[in-house]
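# Observations on the three-dimensional arrangement
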Amino acid sequence: MKSILVTGGAGFIGANFIRHLLAVDPGVQVINLDLLTYAGSLENLKDLPDAERHTFVQGDICDQSLVECLLRRHRIDTIVHFAAESHVDRSIHGPAPFVRTNIQGTFSLLEAARKVWLGEGMLPPDSVRFHHVSTDEVYGSLGPRDAPFCETTPYAPNSPYAASKAASDHLVRAYGHTYGLPFTITNCSNNYGPYQFPEKLIPLMILNALAGEPLPIYGDGLQVRDWLYVEDHCRAIHMVLREGQIGETYNIGGGNQPTNLELVQTICRLLDERFPDSPHQPHQSLITFVEDRPGHDRRYAMDTRKIQGQLGWQPRESLESGLRKTLEWYLGNERWIEVIRSRPSYRDWLERNYTARGTRA
Ligand code: NAD
Ligand code: TYD
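Parameters and conventions
Residues numbered from 1 in each chain as written. Chains lettered and ligands numbered in written order. Predicted model: local features only at pLDDT ≥ 70, side-chain atom pairs only at ≥ 80, totals over all residues. Heavy atoms only, no water. Helix = DSSP H or I, 4+ residues; strand = E, 2+ residues; numbered from the N terminus. Expected span 1.5 Å × (residues − 1). Buried < 20%, exposed > 50% of the residue type's maximum accessible area, 1.4 Å probe, protein only. Contact = heavy atoms within 4.5 Å. Core = buried A, V, L, I, M, F, W, Y, C linked by side-chain atoms within 4.5 Å. Domains from an automatic or database assignment. Near = heavy atom within 4 Å. Polar contact = N/O pair within 3.5 Å; in protein donor to acceptor, adjacent residues only side chain to side chain. Areas by Shrake-Rupley, 256 points an atom, 1.4 Å probe, with all protein chains shown as cover. Nonpolar A, V, L, I, M, F, W, Y, C, P; charged D, E, K, R; others polar. Salt bridge = Lys/Arg side-chain N within 4 Å of Asp/Glu carboxyl O. Pairing = 2+ DSSP bridges. Axes fitted to C-alpha atoms, helices over the stretch in contact; angles between N-to-C directions. Disulfide = S-S within 2.5 Å. Parallel < 35°, antiparallel > 145°, perpendicular 65-115°, else oblique. Left-handed = near helix turned anticlockwise from the far one by under 90°.

Now for helix α8 (residues 260-274). Taking 1.5 Å of rise per residue, the 15 residues of α8 would be expected to cover 21 Å, and the 21 Å separating its terminal C-alpha atoms lies within 8% of that figure. Those residues of α8 that fall on the buried side of the exposure criterion are Asn 260, Leu 261, Leu 263, Val 264, Thr 266, Ile 267, Cys 268, Leu 270, Leu 271 and Asp 272. Taken together, the buried residues of α8 touch α6 (201-211), β8 (215-218), β11 (287-290) and α10 (319-331).

Put into structure tokens, the structure is as follows:
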């Protein structure tokens, strides 16, 4: 692994991954292909460690000829594919970009890799790898007593987002099976940590609570997610790149399964401790129950025994320690927050997703 094409590296997980890679892997060059949609920002790539080993290219993963050029010009041996439309609520309001980016975009990357790696034989086939980053949401929703998702759980995606990610996973696997494209896939649970766009639950709640604004909980708030600190996720992907078996899928999860309500209450408690004189004390009083998300998955949980047993990976952060780090990061990065909050498109999204949503008693 010498020359890596990271797609979506200006987004939340991609930017954390590039930071991690540059810090721990002195031998690699990183080419970062990102379209800079609403979710991507060059602010996420400021002060990279060893920044001269990182090259940013603004472009679309659907542009197959651009991807082919990058593969040839930089003699790319590894693709780590994060670029996606990633927010379930946006996929409900407008699924078309999810089909385009997540399905068509993955297809175009696979076609570029097939042509340059397998067709032109730019590098020996055993020295290349396509790593696809996916989600636990492809497996559907669990009942309260169901066993956690494992790598062989049948796919049953429920939202347009999950369906588009499932389709992309299938394409990757099919290219391995049919053309012999060397691939690995990781399916991870909900990430949180620095640089997460404040449309997702944890950063939205932190920012709203700091501003004394309502904390909107969908439905009864008893849905369960498995929260994974982003740095733990990045370490897992790096391990899979180095030691993961070609053709295999690995599930990654944080081993934390609070309800949404418990999670938001924990954030409120941390804020109460951190700001004892806040006029918004107790922050829990800001919690507001709002109309549920259509088709809302009830519970996700990950069985991570495969990656733990085969690669020795374990999450290092507990939910409490990860949340404390995340809170401190947002408190220390006011400029980053201001850049996002001042964008009209962000205000528009809040208006679109929350204003029309009724509150529940
Ligand atoms: P994100 O929305 O923060 O970032 C996505 C990035 O992709 C942005 O920088 C955006 O500009 C870029 N992008 C979008 N369309 C593009 C295109 N056509 N061409 C090039 N770049 C494009 O997403 P994230 O939270 O960092 O998620 C990264 C990956 O991890 C996604 O594939 C997502 O499905 C997966 N994932 C995320 C989570 C999570 O909790 N965030 C959980 C499981 C899986
Ligand atoms: P989210 O961060 O959007 O991730 P995902 O939908 O991919 O799991 O949401 C996490 C959970 O929080 C999910 O059950 C929906 C819920 N949620 C709220 O209750 N209120 C909100 O404002 C948001 C954004 C999410």
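Within the largest apolar cluster, 58 residues are counted, with the highest numbers of intra-cluster contacts made by Phe 17, Val 80, Phe 82, Ile 202, Leu 215 and Leu 323. Each of domain 1 (3-189 + 227-255 + 300-317) and domain 2 (197-224 + 258-298 + 318-361) contributes no fewer than three residues to this core. Excluding residues that lie within four positions of it along the chain, Ile 202 makes contacts with Tyr 192, Trp 227, Leu 263, Ile 267, Leu 323 and Thr 326. Counting residues in each nonpolar core, the second largest holds 26 residues, with Leu 33, Val 57, Leu 70 and Val 128 among its members.

This next bit is on the site of ligand 2. Every one of the 16 residues lining ligand 2 counts as a neighbour, but Glu 137, Pro 216, Arg 293, His 296 and Tyr 354 are closest to it. Between Asn 190 and ligand 2, the recorded distance is 2.9 Å, taken from a side-chain N or O atom to an oxygen atom. Between ligand 2 and the protein, one listed contact pairs an oxygen atom with a side-chain N or O atom of Asn 260 at 2.9 Å. Its free accessible area being 510 Å², ligand 2 has 97% of it covered by the protein chains. Mapped by element, the contributors of at least two residues to the shell around ligand 2 are α6 and β8. With three residues, β8 is the single largest residue contributor to the shell around ligand 2. For the shell around ligand 2, the class distribution of residues is seven nonpolar, four polar and five charged.

In this section: the site of ligand 1. Every one of the 28 residues lining ligand 1 counts as a neighbour, but Ile 13, Asp 34, Ser 86, Tyr 161 and Lys 165 are closest to it. Side-chain polar atom of Asp 60 to a nitrogen atom of ligand 1: 2.9 Å apart, as the coordinates give it. Between an oxygen atom of ligand 1 and a main-chain N or O atom of Phe 82, the distance comes to 2.8 Å. Starting from 840 Å² of accessible surface for ligand 1 in isolation, the protein chains cover 97%. Elements with a minimum of two residues in the shell around ligand 1: α1 (12-24), β5 (129-135) and α5 (160-179). At three residues, β5 tops the list of elements feeding residues into the shell around ligand 1.

Here we take up the pattern of salt bridges. Considering all chains together, one arrives at 22 salt bridges under this definition. Residue Asp 232 is joined to Arg 235 by a salt bridge in which the shortest nitrogen-to-oxygen separation is 2.8 Å. Highlighted residues: Asp 232 and Arg 235, both in helix α7 (residues 230-243), separated by three residues, approximately one helical turn. A salt bridge links Glu 273 to Arg 324; its shortest N-O distance comes to 3.4 Å. Of this pair, Glu 273 sits in helix α8 while Arg 324 sits in helix α10, placing them 51 residues apart in sequence. Overall, the relative accessible area of 37% leaves Arg 324 in the partly exposed class.

What follows concerns the sheet that holds strand β3 (residues 54-58). The parallel open sheet is built from seven strands, whose spatial order is β3-β2-β1-β4-β5-β6-β10. Each of the sheet's edge strands pairs with one partner strand only, and the pair in question is β3 and β10 (249-252). For this sheet the average axis-to-axis angle between neighbouring strands, irrespective of direction, equals 20 degrees. The strands touched by α1 are β1 (3-7), β2 (29-34), β3 and β4 (78-81); relative to β2, the strand with the most contacts, the crossing angle is about 170 degrees. This element, α7, spans β4, β5, β6 (183-188) and β10 of the sheet and lies at about 150 degrees to β5.

Next up on the list: the state of the cysteines. All chains considered together, the criterion is met by zero disulfides. Cysteine Cys 150 shares no disulfide, and the gap to the nearest cysteine sulfur, in Cys 188, comes to 16 Å. Under the relative-accessibility criterion, Cys 150 is labelled partly exposed at 24%.

Before going further, it helps to spend a moment on the packing of helix α2 (residues 64-73) against helix α4 (residues 96-119). Helices that pack against each other are described as a pair by the angle of their axes relative to one another and the distance between those axes. Where α2 meets α4, the closest approach of the two axes is 9 Å, and the angle between their N-to-C directions is 45 degrees. Of the possible angle classes, the one that applies to α2 and α4 is oblique. In this structure, α2 meets α4 at a crossing whose hand is right-handed. The residues of α4 that touch α2, namely those facing Gln 64, Val 67, Glu 68, Leu 71 and Arg 72, are Ser 108, Leu 109, Glu 111, Ala 112, Ala 113, Lys 115 and Val 116. Here the residues of the contact of α2 with α4 are counted per class, giving six nonpolar, two polar and four charged.

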